[in-house]
Amino acid sequence: MKYASEDQEAPEVEQTAGPAASTPEQTERRGPAPHAPAPHDEQQGTRNRVARSILDHGPSTAAELALRLELTQAAVRRHLDALAAEGVVEPREKRVYGSRGRGRPAKAFALTDCGRDAFDQAYDQLATEALRWIAQSAGGGEKGEAAVAAFARARLAAQAEGYREAVEAAEPERRTEALAKALTADGYAATARSAPNPQLGEQLCQHHCPVAHVAERYPQLCEAETEVFSRLLGTHVQRLATIAHGDGVCTTFVPKAGAGKAAHSTQRTTTKTTTASASTAGRNPA
């Protein structure tokens, strides 16, 4: 079966100044169908197929991929170049068993670690099952929840030590920013910005959460993280929103020194609809 896409175009020819006549077959192939996917989406879909084929079959040459996917080698090479630029695949010299023929050896393309991570993994399921086992082993109920909380605190304690040096080295007014940079280095894509009322404090925003799916079931992970932020910054902080709770960003309010109770009270009043306190962070609404 042939896939109708830009990858089956005829060899490129030099265009002339005037418009060239098209046959009905060319018009049908080149013209967009009423509900055809956008060219970018179609190209991305083909690139995903190329990467998936490498995942399923191991390091592959452009010729092998073209044969499996029924594309031209030129089209496959274009997609491989794009995937390599994105860090999804990398070229390797193909192993040759026996005597090597003349000419340069063909390059085989393999997935990078980043490329493998782009595909579905079972890490979330494994983590959830592990926490379920911890809770059940502790006796379930409140004892089980306490055991999971203890695990979450122990997990983050080691992580926090890596952040402490960066935070303590920064000026007091730059410590939230320093923590954001440290979190970003760990994959949380964090930023620090002024709160709606800059005089009261600022917000630590995490635009990505590697454990969001697990935290939906076990909010103790979010609670332990909030406690760590408070200890590192030396002040009470308030979790306003979490990705695990269904919000777009994990947002933590950090009051300015001296703002005290006024900052805490004002922020709670202005964020009633989005506030997820540390005790409920990560829980999906019933």
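Note that the structure is predicted; figures quoted are calculated from it, not measured.

S.K.: Would you mind going over the overall build of the chain in detail, with residue names and values included?
M.R.: Each helix and strand in the chain was counted, giving 11 helices and six strands. A burial count over the chain gives 34% of its 286 residues as buried. Counted over contacts in the chain with a minimum sequence separation of 6, partners at least 24 positions apart contribute 56%. Only carbon and sulfur atoms are counted for the fraction: they give 53% of the accessible area of the chain, which is about 18,000 Å².

S.K.: Can you tell me about the sheet that holds strand β4 (residues 201–206), naming the residues and giving the values?
M.R.: Spatially, the four strands line up as an open sheet ordered β3-β4-β6-β5, and their pairing is antiparallel. Whereas interior strands pair on both sides, the edge strands pair on one side only; in this sheet they are β3 (190–194) and β5 (238–241). Taking each pair of neighbouring strands and ignoring which way they run, the sheet shows an average axis angle of 25°. Two strands pair when backbone bridges link them, and β5 and strand β6 (residues 250–255) are joined in this way by three bridges, in the antiparallel orientation. Residue Q238 lies in a different strand from β6, and its bridge partner there is F253. Against the sheet, helix α8 (residues 175–185) touches β3, β4 and β6, its axis set at about 160° to β3. In the packing of helix α10 (residues 220–233) onto the sheet, the strands contacted are β4, β5 and β6, and the crossing angle to β5 comes to about 130°.

S.K.: Explain the nonpolar core residue by residue, including any values.
M.R.: One finds Y163, L179 and L183 to be the most contacted residues of the largest nonpolar core, which totals 28 residues. In terms of residues, this core owes the most to one element, α10, which gives seven residues. Residues in contact with Y163, not counting those within four places in the same chain, are L179, A182, L183, D186, Y188 and L232. Counting residues in hydrophobic clusters, the runner-up holds 16 residues, among them A62, L65, A66 and V76.

S.K.: I'd love a proper account of the side chain of S60, names of residues and values included.
M.R.: Secondary-structure assignment places S60 in the loop between α2 (39–57) and α3 (62–69). Polar contacts involving the side chain of S60 include one to the main-chain carbonyl oxygen of G58, which spans 2.7 Å. Those residues in contact with S60 that lie beyond four places of it in its chain are I54, L65, R68, K107, A108 and F109.

S.K.: Describe in detail the packing of aromatic side chains, supporting the description with residues and values.
M.R.: Counted by the stated rule, this structure contains zero aromatic pairs. The ring of Y218 carries the charged tip of R217 above its face, separated from the ring centre by 4.5 Å.

S.K.: I'd like a description of the pattern of salt bridges, backed by residues and values.
M.R.: Applying the stated criterion to the full structure yields eight salt bridges. Here R164 makes a salt bridge to E168, at a shortest N to O gap of 3.9 Å. Within this pair, R164 and its partner E168 are both found in helix α7 (residues 141–169), separated by four residues, close to a single helical turn. The class for R164 is partly exposed, based on a relative accessible area of 25%. What you see here is one network of salt bridges that share partners, running through E161, R164 and E168.

S.K.: Got a sec to walk through the packing of α3 against helix α4 (residues 73–85)? Specific residues and values, please.
M.R.: The relative placement of two packed helices is expressed as an angle between their axes plus a distance between the axes. The contact between α3 and α4 brings their axes to 9 Å, and the two run at 115°. Relative to α4, the element α3 is oriented roughly perpendicular. As α3 packs across α4, the resulting crossing turns out to be right-handed. Contact residues: α3 offers A62, A63, L65 and A66, while α4 offers Q73, V76, R77 and L80.

Cut-offs and rules
Residues numbered from 1 in each chain as written. Predicted model: local features only at pLDDT ≥ 70, side-chain atom pairs only at ≥ 80, totals over all residues. Heavy atoms only, no water. Helix = DSSP H or I, 4+ residues; strand = E, 2+ residues; numbered from the N terminus. Buried < 20%, exposed > 50% of the residue type's maximum accessible area, 1.4 Å probe, protein only. Contact = heavy atoms within 4.5 Å. Areas by Shrake-Rupley, 256 points an atom, 1.4 Å probe, with all protein chains shown as cover. Pairing = 2+ DSSP bridges. Axes fitted to C-alpha atoms, helices over the stretch in contact; angles between N-to-C directions. Core = buried A, V, L, I, M, F, W, Y, C linked by side-chain atoms within 4.5 Å. Polar contact = N/O pair within 3.5 Å; in protein donor to acceptor, adjacent residues only side chain to side chain. Phe/Tyr/Trp six-rings, centres within 6.5 Å; stacked < 30°, edge-to-face > 60°. Lys NZ or Arg CZ within 6 Å of the ring centre and 35° of its normal. Salt bridge = Lys/Arg side-chain N within 4 Å of Asp/Glu carboxyl O. Parallel < 35°, antiparallel > 145°, perpendicular 65-115°, else oblique. Left-handed = near helix turned anticlockwise from the far one by under 90°.

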